[in-house]
Amino acid sequence: MSASGSAYADLLGLVAFGELLAFERMAGDARLAPDLRRRAALNEMAAAEIVNYRRLADRLGALGVPPEEAMAPYVGPLQAYHDSTEPRDWAEVVTKAYVGDAITDDFVREIADALEEPDRALVLDVLHDSRYADFAAEEIRVVVADDPRVAGRLSMWARRLVGEALSQAGRVAAERGALTALIARDGRVDVPGLFGRLTTAHTARMVAVGLNN
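So, a few notes on the structure that sits alongside this text. Owing to the predicted nature of the structure, the values given are computational and were not obtained by experimental measurement.

Across its full length, the chain holds ten helices and zero strands. When the elements of the chain are put in sequence order from the N terminus, they spell out α-α-α-α-α-α-α-α-α-α. A compact globule built from 213 residues would reach a C-alpha radius of gyration of about 17 Å, and the chain, at 17 Å, matches this within 12%. The principal-axis extent of the C-alpha atoms belonging to the chain is close to 55 × 35 × 25 Å. Counting contacts in the chain only where the partners sit at least 6 residues apart, residues at least 24 apart contribute 80% of the total. Carbon and sulfur atoms provide 55% of the accessible area of the chain, an area that totals close to 9800 Å². If the 24 positive side-chain charges of the chain are averaged to one point and the 33 negative ones to another, these points end up 4 Å apart.

This is the structure in C-alpha cells:
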C-alpha cells in the first residue's frame, strides 16, 4: 500500500473504532435515560453508529486492510478517554455526547480535508449526522432550565472532557506518523493551530447551550 493509502487506512481505522465505541457507549448510556422516549432515542442513534461502522469496515476491506488491524492502534487512547470520563447521570451523558464527541469529530474533520475521494466523502458523511449532537444540546438546555445550578457542574465536566479529549488527540497525532502527515499544512505540522481551532469551536458550542467555558 502507498504512503497515502496507509494514511487513509489509518484515518479510516480511527473513525471506524470511534463509531464502534459510540455504538457500545450509547447502548450502555441508554440505561441512564430518565424515560422511555429518551431511552429509545439513544438506542436508535446507537443503531445508526453501527451502520456507519460497517460502511467504514467495508471500505477498509476494499483497500485490502483488515478492519481490526486498522482499528488496533486506537484502542488504547480512545478506550482510555472513555474509561476516564464515565458519566454518572443523564446530564453528564448528554454533555459528553455534545462536548466530547463534537471535539473528536472536529479533530477528524481537520484531517479528513486532506483525503482524496471517495474516502473524504465517506468520512465526512459519517460525521455529518448531527442528530445526536442536536438531541444532546436540547437535553442540556432542558436540564439547565429545570435547575440552573446544574450549569456550573456541567461546565466543569465539559472542561474535563475537553482536556481528556485533547490529551488523547495529541497522543494519537504523536504516535501515528501517517496521520501526522495528513495534519500537515504547507509541509509543516501546525499542532498549536489545530488545537486552537478545536478550542474555538468548543467555546462556541458551550455558549450555545448556556454553559461556561
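Anyway, onward from the coordinates.
This part covers the packing of helix H2 (residues 36-62) against helix H7 (residues 131-146). Their axes nearest at 10 Å, the elements H2 and H7 cross at an angle of 155 degrees. The pairing of H2 with H7 is recorded here as roughly antiparallel in orientation. Crossing angle aside, the handedness with which H2 passes H7 is left-handed. Here Arg37, Arg38, Ala41, Leu42, Met45 and Ala48 of H2 come into contact with H7, specifically with Arg131, Tyr132, Phe135 and Glu139. Of the residues in the contact of H2 with H7, the class split is six nonpolar, no polar and four charged.

Quick notes on the rules
- Per chain, residue numbering runs from 1 following the sequence as it is written.
- Where local features are concerned, this predicted model is filtered to residues with pLDDT of at least 70; where side-chain atom pairs are given and counted, the filter is 80 or more; whole-chain, interface and lining totals use all residues.
- Where side-chain values are given, they derive from all heavy atoms of the structure, hydrogens and water being excluded.
- Strands here are runs of E lasting at least two residues and helices are runs of H or I lasting at least four, both read from the DSSP assignment and numbered beginning at the N terminus.
- The reference for a compact globule is 2.2 Å times residues^0.38; the radius of gyration itself is calculated from the C-alpha atoms.
- Residue contacts are defined here by distance: any two heavy atoms, one from each residue, within 4.5 Å place the two residues in contact.
- For the accessible areas, the method is Shrake-Rupley and the probe is 1.4 Å, while residue cover comes only from the protein chains on display.
- The positive count covers Lys and Arg only, the negative count covers Asp and Glu only, and His and the chain ends enter neither.
- To locate a charge, take NZ of a lysine, CZ of an arginine, CG of an aspartate or CD of a glutamate.
- Axis geometry follows a simple rule: fit a line to the C-alpha atoms, using only the stretch in contact for helices, then measure angles between N-to-C directions, giving values from 0 to 180 degrees.
- Here the word oblique covers every angle except those under 35 degrees (roughly parallel), over 145 (roughly antiparallel) and from 65 to 115 (roughly perpendicular).
- When the near helix sits turned anticlockwise from the far one by under a right angle, the crossing is termed left-handed; a clockwise turn instead gives a right-handed crossing.
- When residue character is reported, Ala, Val, Leu, Ile, Met, Phe, Trp, Tyr, Cys and Pro are called nonpolar, Asp, Glu, Lys and Arg charged, and the others, Gly included, polar.

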